[in-house]
Amino acid sequence: MTSLSDLPIRDDLRGLTPYGAPESRVPIALNVNENTHAIPEAVAHDIVTSIARAILTVNRYPEREFPVLRDSLAAYLGHGLTRDSIWAANGSNEVLQQILQAFGGQGRSVLGFPPTYSMHSIIARGTGTRWISADRDDDFLISPATAVRQVEEHSPDVVFLCSPNNPTGTPLDPDTIVAVYDATDGIVVVDEAYAEFAPAGAPTALDLLPGRERLIVSRTMSKAFAFAGARVGYLAADPAITDALRLVRLPYHLSALTQAAAIAALDHAPEMLAMVDDIRQQRDRLLVELPKLGYHAWDSWANFVLFGGVDDPASVFEQLLAEGIIIRDVGMPGHLRVTAGTEAETTAFLDALARITAR
Ligand SMILES: *Cc1c(COP(=O)(O)O)cnc(C)c1O
């Protein structure tokens with residue numbers, strides 16, 4: 001049998017491993033920050049109706065510029081945004097990939113601040129963009145001075161920021177975003193996959209878009225919108241950015257069925273987002289209960305909590321898995337990450353962890 005290393009694969013991909021969140025189908029899956037609430041059945045029926053209508057014309061290519069979906073996304077985001085400032089793809093991972101296809105690539109670099117979303121460096125690799133790891137301050141914070149110093153040192157073509165950050169859950173001060181923008185001539189991407197879980201009235205990088213034509217804010221329907229399986233991510237930026245992405249996207253990259261599903265879901269945004277408050281409550285419960293078990297819980301503005309003080313993360317992970325609960329070992333010494341689930345799921349996790357901790 002041929003193995004990967006026997007193939008004439010690109011030298012820069014030799015010996016690498018793919019994105020590796022374990023995919024075990026267990027009763028309680030709190031490992032990839034999905035919304036664990038199903039979408040409301042009434043909304044599901046409307047989405048199915050919309051898909052059913054779209055499938056009648058599926059012999060034709062979909063609308064290449066997906067104007068209706070972009071209008072819907074602009075209306076959802078507000079901030080005076082219009083269709084021209086919006087772009088979408090099959091998950092925000094694809095949006096990020098298109099950004100690096102257009103602004104990164106061979107001979108170019110992207111700078112990020114680990115620990116951060118593992119896909120940022122993986123997408124860099126796939127697009128042949130050199131990944132530069134920058135340091136954070138204590139407590140996973142990034143001060144404007146710390147960020148600017150490293151941006152000036154490395155002069156990257158693209159900077160990836162993540163707010164709130166995955167896997168730490170920690171927010172990013174808008175002052176840092178502005179300072180990074182002012183310190184570079186390159187593209188600044190703020191990945192706001194978890195923005196809807198932030199406290200009411202929290203700042204978003206969308207506030208910073210006017211007058212900053214190199215700033216990109218990426219969002220997703222995978223998390224708060226409970227739409228992970230549909231694969232819809234999007235961004236807001238200057239219209240010139242979306243023109244750049246048209247140069248690298250595949251024609252008709254968003255299927256007619258995806259567009260129909262997303263438009264119908266956005267028509268029901270309040271119902272789709274109804275569980276966000278509940279999830280925030282479960283997250284806050286984790287923030288209170290984990291310390292009672294002796295762990296350090298990092299403050300989170302997302303739908304997950306990173307906790308430290310775990311003597312043997314791999315062992316705790318396995319013991320939880322044996323009880324039908326999967327969380328995430330993000331490879332940080334002494335740490336594990338857990339998604340805030342339904343009340344029952346969160347209770348099951350906390351009860352199991354209490355038993356494991358007492359052993
Ligand atoms: C989950 C996540 C995404 C979402 O990716 P999709 O491709 O939209 O499902 C993007 N960024 C971060 C930081 C995430 O954690």
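The structure we're discussing is the one just above.
**Q** I'm lost on the packing of aromatic side chains in this one. Help?
**A** Ring pairs (aromatic) are described by centroid distance and by the angle formed between their planes. The tally for this structure, following the rule as stated, stands at 7 aromatic pairs. Measuring from ring centre to ring centre gives 4.1 Å for tyrosine 61 and tyrosine 252, while their planes differ by 10 degrees; the resulting arrangement is stacked. Residue tyrosine 61 is located in the loop between α1 (41-55) and α2 (67-77), and its partner tyrosine 252 is located in the loop between α7 (239-246) and α8 (256-267); the two are separated by 191 residues in the primary sequence. Put simply, the rings of Tyr295, Phe307 and Phe349 pair up and form one aromatic cluster. Of note, arginine 70 hangs over the ring of phenylalanine 66, and the distance from its end group to the ring centre comes to 5.7 Å. Sitting above the plane of the phenylalanine 304 ring, arginine 337 keeps its charged end 5.5 Å from the centroid.

**Q** Help me understand the site of the ligand in this model?
**A** What surrounds the ligand is a group of 13 residues, the closest being Ser92, Tyr194, Thr220, Ser222 and Lys223. In the model, an oxygen atom of the ligand is placed 2.8 Å from a nitrogen or oxygen of the asparagine 166 side chain. Within the side chain of arginine 231, a nitrogen or oxygen atom sits 2.8 Å from an oxygen atom of the ligand. Expressed as a share of its isolated accessible area of 390 Å², the protein-covered part of the ligand is 94%.

**Q** I keep staring at the sheet that holds strand β5 (residues 158-162) and nothing clicks. Help me out?
**A** Taking strand neighbours across the sheet as the criterion, the 7 strands line up as β2-β8-β7-β6-β5-β3-β4 in an open arrangement whose pairing is mixed. Both edges of this open sheet fall to β2 (86-89) and β4 (130-133), since each of them pairs with a single strand only. Direction aside, the axes of adjacent strands within the sheet are offset by 25 degrees on average. As paired elements, strand β6 (residues 187-191) and strand β7 (residues 215-220) share 4 bridges and run parallel to each other. Following the sheet pairing, valine 189 is matched in β7 by isoleucine 216. Of the strands in this sheet, β2, β7 and β8 (233-237) are in contact with α2, which crosses β2 at around 115 degrees.

**Q** I'm lost on helix α12 (residues 343-358) in this one. Help?
**A** Each α-helix winds once per 3.6 residues, and so residues spaced three or four apart point in a common direction. Compared with the 22 Å implied by 1.5 Å per residue over 16 residues, the 22 Å span of α12 between its first and last C-alpha is a close match. Along α12, the residues that are buried comprise Glu345, Thr346, Phe349, Leu350, Ala352, Leu353 and Ile356. All buried residues of α12 lie within an arc of 165 degrees about the axis, which places them on one face of the element. Residues of α12 that are exposed and point more than 90 degrees away from the buried face comprise Glu343, Ala344 and Ala358. Along its buried surface, α12 packs onto β1 (28-29), α10 (276-292), β10 (304-308), α11 (313-322), β11 (325-326) and β12 (336-339).

Thresholds, definitions, all that
Residues numbered from 1 in each chain as written. Predicted model: local features only at pLDDT ≥ 70, side-chain atom pairs only at ≥ 80, totals over all residues. Heavy atoms only, no water. Phe/Tyr/Trp six-rings, centres within 6.5 Å; stacked < 30°, edge-to-face > 60°. Helix = DSSP H or I, 4+ residues; strand = E, 2+ residues; numbered from the N terminus. Lys NZ or Arg CZ within 6 Å of the ring centre and 35° of its normal. Near = heavy atom within 4 Å. Polar contact = N/O pair within 3.5 Å; in protein donor to acceptor, adjacent residues only side chain to side chain. Areas by Shrake-Rupley, 256 points an atom, 1.4 Å probe, with all protein chains shown as cover. Pairing = 2+ DSSP bridges. Axes fitted to C-alpha atoms, helices over the stretch in contact; angles between N-to-C directions. Contact = heavy atoms within 4.5 Å. Expected span 1.5 Å × (residues − 1). Buried < 20%, exposed > 50% of the residue type's maximum accessible area, 1.4 Å probe, protein only. Arc of directions from axis to C-beta.

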